[in-house]
Amino acid sequence: MFAYPLTDNAELRPLEPWQAADFAAYVERHRAHLAPWLPWAQIIVDEPSARQWLQRYAERQAADSGRIYGIWLDGALVGGTLFRVFDTASGVCEVGVWLSPEAQGQGLVNRAARCMIDWAVDVRGMARVEWRVDATNTRSIAVANRLGMTRDGVLREVFPLNGVRIDLEVWSVLAHEWRATHAEAV
Ligand SMILES: CC(C)(COP(=O)(O)OP(=O)(O)OC[C@H]1O[C@@H](n2cnc3c(N)ncnc32)[C@H](O)[C@@H]1OP(=O)(O)O)[C@@H](O)C(=O)NCCC(=O)NCCS
């Protein structure tokens, strides 16, 4: 089975409908940590709703319009990444991420997001990779910064979440910027 090593004891793998029970249990354990930022953490409340959500991503993957991956640390599901948007016609995709509290601070999402952006840009020819984040989510904004993304701007009160309308920051990296950063790193 495909698995991309992130560290000696962590890997990125596809997250599929057959893993719905694990995913539902994961969301249940970490709802308080995830729900302030991720609307799906309130929609996934049991195994059937987890399966339905993962099935939607399986269908998006088949249509080449989205993908989802899990992050496993020492064999336990601790987080994930997704292409919430993957639009090959316009060459624009959007990456989303999450981690359990205990898995933060190790650069796992940084490594996973780099793998996703490399694939999107180098293999799939995406021109622009986006990161959309609640303006108060400093930890996620720090990830976008570490990835070398640029803050395009803010969509003011664009989205209702948990009873308030949130300001959404849009960050992005363009394909030529990503390649230039990589060339510098070599
Ligand atoms: C957003 C979120 C994924 C960030 O997790 P994270 O662990 O801080 O992210 P990274 O993988 O980039 O790791 C960075 C941290 O690891 C450290 N680190 C260690 N090795 C590293 C490496 N090789 N590369 C980068 N960072 C490394 C960094 O110093 C940083 O630690 P610090 O926060 O103590 O400064 C996490 O806070 C989360 O899941 N939040 C809830 C859900 C959420 O908000 N999702 C995003 C919605 S837009």
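To start, this report covers the structure provided alongside it. (Residues numbered from 1 in each chain as written. Predicted model: local features only at pLDDT ≥ 70, side-chain atom pairs only at ≥ 80, totals over all residues. Heavy atoms only, no water.)

Our focus in this paragraph is helix H5 (residues 138-146). Those residues of H5 that sit buried are Ser140, Ile141, Val143 and Ala144. Around the axis of H5, the buried residues are gathered within 150 degrees of arc, so they sit on the same side. Facing away from the buried side of H5 by more than 90 degrees, the exposed set consists of Thr138 and Arg146. Its buried side turned inward, H5 meets helix H4 (108-123), strand S6 (128-134) and strand S8 (164-174). Following H5 by one or two positions, Gly148 adopts a phi angle in the positive range, close to 80 degrees. (Buried < 20%, exposed > 50% of the residue type's maximum accessible area, 1.4 Å probe, protein only. Helix = DSSP H or I, 4+ residues; strand = E, 2+ residues; numbered from the N terminus. Arc of directions from axis to C-beta. Contact = heavy atoms within 4.5 Å.)

As a further point, take the nonpolar core. In this structure, Ile71, Leu108, Ile117, Val129, Trp131, Leu147 and Met149 are the most contacted members of the largest nonpolar core, which totals 36 residues. No other element matches the nine residues that H4 contributes to this core. Other than its neighbours up to four places away in sequence, Leu108 contacts Leu6, Thr7, Ala10, Ile71, Leu73, Leu99 and Ala103. (Core = buried A, V, L, I, M, F, W, Y, C linked by side-chain atoms within 4.5 Å.)

Applying the stated criterion across every chain, the model contains nine aromatic pairs. Here a set of aromatic residues connected by ring pairs shows up, and it is made of Phe23, Trp40, Trp53, Tyr57 and Trp98. Just above the ring of Trp72 sits the side chain of Arg13; from NZ or CZ to the centre is 4.3 Å. The residue whose ring lies beneath Arg60 is Tyr57, and the NZ or CZ to ring-centre distance is 4.5 Å. (Phe/Tyr/Trp six-rings, centres within 6.5 Å; stacked < 30°, edge-to-face > 60°. Lys NZ or Arg CZ within 6 Å of the ring centre and 35° of its normal.)

Take the packing of helix H1 (residues 20-34) against helix H3 (residues 47-62) next. Following both chains from N to C, one finds H1 and H3 inclined at 110 degrees, their axes separated by 8 Å at the closest point. When the axis of H1 is compared with that of H3, the two are roughly perpendicular. In this structure, H1 meets H3 at a crossing whose hand is right-handed. Of the residues in H3, those touching H1 at Ala20, Ala21, Phe23 and Ala24 are Glu47, Ala50, Arg51, Trp53 and Leu54. Partitioned by chemical class, the residues of the contact of H1 with H3 number seven nonpolar, no polar and two charged. (Axes fitted to C-alpha atoms, helices over the stretch in contact; angles between N-to-C directions. Parallel < 35°, antiparallel > 145°, perpendicular 65-115°, else oblique. Left-handed = near helix turned anticlockwise from the far one by under 90°. Nonpolar A, V, L, I, M, F, W, Y, C, P; charged D, E, K, R; others polar.)

In this section: the pattern of salt bridges. What the rule picks out here adds up to eleven salt bridges. For Glu11, the salt bridge identified is with Arg13, shortest N-O distance 2.8 Å. When its relative accessible area of 19% is taken as the criterion, Arg13 is described as buried. One salt bridge connects Glu28 with Arg31, and the closest N-O pair in it is separated by 3.0 Å. Here Glu28 pairs with Arg31, and both are found in helix H1, just three residues apart, close to one helical turn. (Salt bridge = Lys/Arg side-chain N within 4 Å of Asp/Glu carboxyl O.)

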